[in-house]
Amino acid sequence: MNKRFLLKATAALAAVASFGLAQAQSTAIKFQLDWRFEGPSAFFLLPAAKGYFKDAKLDVTVDSGNGSGGAVTRVASGTYDLGFADLAALMEFHANNPDAPNKPVAIMMVYNNTPASVMALKKSGIKTPADLAGKKLGAPVFDAGRRAFPIFQKANGIGNVAWTAMDPPLRETMLVRGDVDAITGFTFTSLLNIEARGVKAEDVVVMQYPDFGVKLYGNAIIASPKILKENPAAVKAFLSAFTKGAKDVMADPTKAIESVKARDGIINVALETRRLQLAIDTVINSPSARAEGFGQVNGPRMTLMASQVSDAFNTKTRVKSEDIWNGSFLPSAKELDILPKPKK
């Protein structure tokens, strides 16, 4: 009896030790999104839900955010290891905080084009960028499109405009009410929010920055120098698992939304599926993304953006593109070949 008990106890201890070893081998990573849980966050929530991060020996926590600026500062502070943020916001942080000890760097491009647009109602008479001169534009002060508007303005020879600031939930409402003539915002966010307020898509003028000479990059995965130095293997494993999940998301956006619904049960599934598809079509599987390759960047284009951001954001120091980007942790070109072929 004692022998049988001893054998069982030994087996139980071995199982506990084995579980503890497995847990010890799993690297904890805190990930900060740029915004709340919406369609595009499926790119991070699906690989977590499917166990891709777990299979890569990673214990990944994905938290919602409140803007790219916040994502950058939280990674810089060490509160988060990795994040998702607009590249212009990352550039601004570098240039305005040259002596910061822990400046994050971009390690994978996800939105190859900025999602920023200027949107107006057709009944306003605004049809082209030139029509914005003298008009009242609205956006939160931290909005990526508003921050980069001077680049759009210069590229299209637009005269002076007047800005009205508001909290994000009021932006589209104020446009529909006529409180402002136009707004800036991410296409896949503001356009659908305008529709949700009773305006048909065909009654909205959408001027996407990339279509009007502004070739800025959008959101990238960013990392703290600390984790890049101390655990490069975990960073590579994260990007590999993320890439595997991104392929699944683009193959079946409708299915992918289930991972978002699981994190926020009150989302409008149909709306967020459309938002996700719009993000894929406009900024992820875009012609420039297919030309440069998913996750990657073009050196001269990055250098130009650094110069444009320095001017438009009036930064303390000039942005150095070589300090912003580190592509050495990316998966192989074969792994990154995940963009769906364009529909004919």
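Read on for an overview of the structure. Every value quoted in this text rests on a predicted model; they were computed, and no experiment measured them.

About the cut-offs
- Residues numbered from 1 in each chain as written.
- Predicted model: local features only at pLDDT ≥ 70, side-chain atom pairs only at ≥ 80, totals over all residues.
- Heavy atoms only, no water.
- Buried < 20%, exposed > 50% of the residue type's maximum accessible area, 1.4 Å probe, protein only.
- Helix = DSSP H or I, 4+ residues; strand = E, 2+ residues; numbered from the N terminus.
- Phe/Tyr/Trp six-rings, centres within 6.5 Å; stacked < 30°, edge-to-face > 60°.
- Axes fitted to C-alpha atoms, helices over the stretch in contact; angles between N-to-C directions.
- Parallel < 35°, antiparallel > 145°, perpendicular 65-115°, else oblique.
- Left-handed = near helix turned anticlockwise from the far one by under 90°.
- Contact = heavy atoms within 4.5 Å.
- Nonpolar A, V, L, I, M, F, W, Y, C, P; charged D, E, K, R; others polar.
- Pairing = 2+ DSSP bridges.
- 1 Å grid on protein atoms, 1.4 Å probe; cavity = no way out; pocket = protein on both sides within 12 Å on 5 of 7 lines; lining within 4 Å.
- Points joined across faces, edges and corners; volume = space filled by probe spheres on them.

With nine of 10 residues buried, helix α5 (residues 87–96) is to be regarded as a mostly interior element. All of the buried residues in α5 are L87, A88, A89, L90, M91, E92, F93, H94 and A95.

Quick look at the packing of aromatic side chains now. For the structure shown, the criterion picks out 12 aromatic pairs. Centroid distance F53 to F238: 4.8 Å. Interplanar angle 10°. Geometry classified as stacked. Remark: F238 occurs in helix α11 (residues 232–251) and F53 occurs in helix α3 (residues 52–55); sequence separation between them is 185 residues. No difference in accessibility class separates F53 from F238, as the two residues are buried. Between the aromatic rings of F149 and F152, the centroid separation amounts to 5.8 Å while the plane-to-plane angle is 40°, which identifies the pairing as tilted. Of the two residues, F149 and F152 both sit in helix α7 (residues 149–155), three residues apart, roughly one turn of that helix. Accessibility expressed as a relative area gives 1% for F149, which makes it buried.

Right, let's get into the packing of helix α9 (residues 187–196) against helix α13 (residues 269–284). Following both chains from N to C, one finds α9 and α13 inclined at 140°, their axes separated by 9 Å at the closest point. The pairing of α9 with α13 is recorded here as oblique in orientation. For the pair α9 and α13, the sense of crossing is right-handed. The residues of α13 that touch α9, namely those facing T187, F188, T189, L191, L192, N193 and E195, are L271, R274, R275, L278, A279, T282 and V283. In terms of residue class, the contact of α9 with α13 is built from seven nonpolar, four polar and three charged.

Take the sheet that holds strand β2 (residues 58–63) next. Strand order across the open sheet formed by five strands is β2-β1-β3-β10-β4, with mixed pairing between neighbours. Looking at the sheet topology across the chains shown, the edges are occupied by β2 and β4 (105–109). Pairs of neighbouring strands in the sheet enclose a mean axial angle of 30°, with direction left out of account. Summarising the sheet, β4 and strand β10 (residues 219–223) pair through four bridges and their orientation is antiparallel.

Right, let's get into the sheet that holds strand β7 (residues 162–164). On the basis of which strands lie adjacent, the open sheet formed by five strands has the order β7-β6-β8-β5-β9 and mixed pairing. Among the strands making up the open sheet, the edge pair consists of β7 and β9 (204–208). Strand after strand, the sheet turns through a mean of 30° between neighbouring axes, direction not considered. In this sheet, β7 lies alongside strand β6 (residues 136–138) in parallel orientation, the contact comprising three bridges. The partner of G138 across the bridge, within β7, is T164. Set on the sheet, α9 makes contact with β5 (116–121), β8 (182–186) and β9; between it and β8 the angle comes to about 125°.

On to unusual backbone geometry. Positive phi values are uncommon outside glycine, yet K57 reaches one of about 65°. Topologically, K57 is positioned in the loop between α3 and β2. Overall, K57 belongs to the partly exposed group, its relative accessible area being 44%. The phi dihedral of N314 falls on the positive side, at around 50°, and the residue is not glycine. Relative to the helices and strands, N314 resides in the loop between α15 (299–312) and α16 (321–324).

So, about the packing of helix α12 (residues 253–263) against α13. Two elements in contact, α12 and α13, have axes whose closest approach is 9 Å; the angle formed by their N-to-C orientations is 120°. When the axes of α12 and α13 are compared, the pair comes out oblique. Where α12 crosses over α13, the handedness of that crossing is right-handed. Counting all contacts with α12, which are made through P253, T254, A256, I257 and K261, the residues of α13 involved are V269, E272, T273, L276, Q277 and I280. A per-class count over the contact of α12 with α13 returns six nonpolar, three polar and two charged.

Reported here for the largest pocket is a volume of approximately 640 Å³. If you go around the largest pocket, you meet 35 residues; those closest to its centre are D34, G67, S68, F142 and F186. Contributing elements (two or more residues each) for the lining of the largest pocket: α4 (68–77), β3 (82–86), α5, α6 (144–147), β8 and α9. Residues of the lining of the largest pocket, tallied by class, amount to 16 nonpolar, 11 polar and eight charged.

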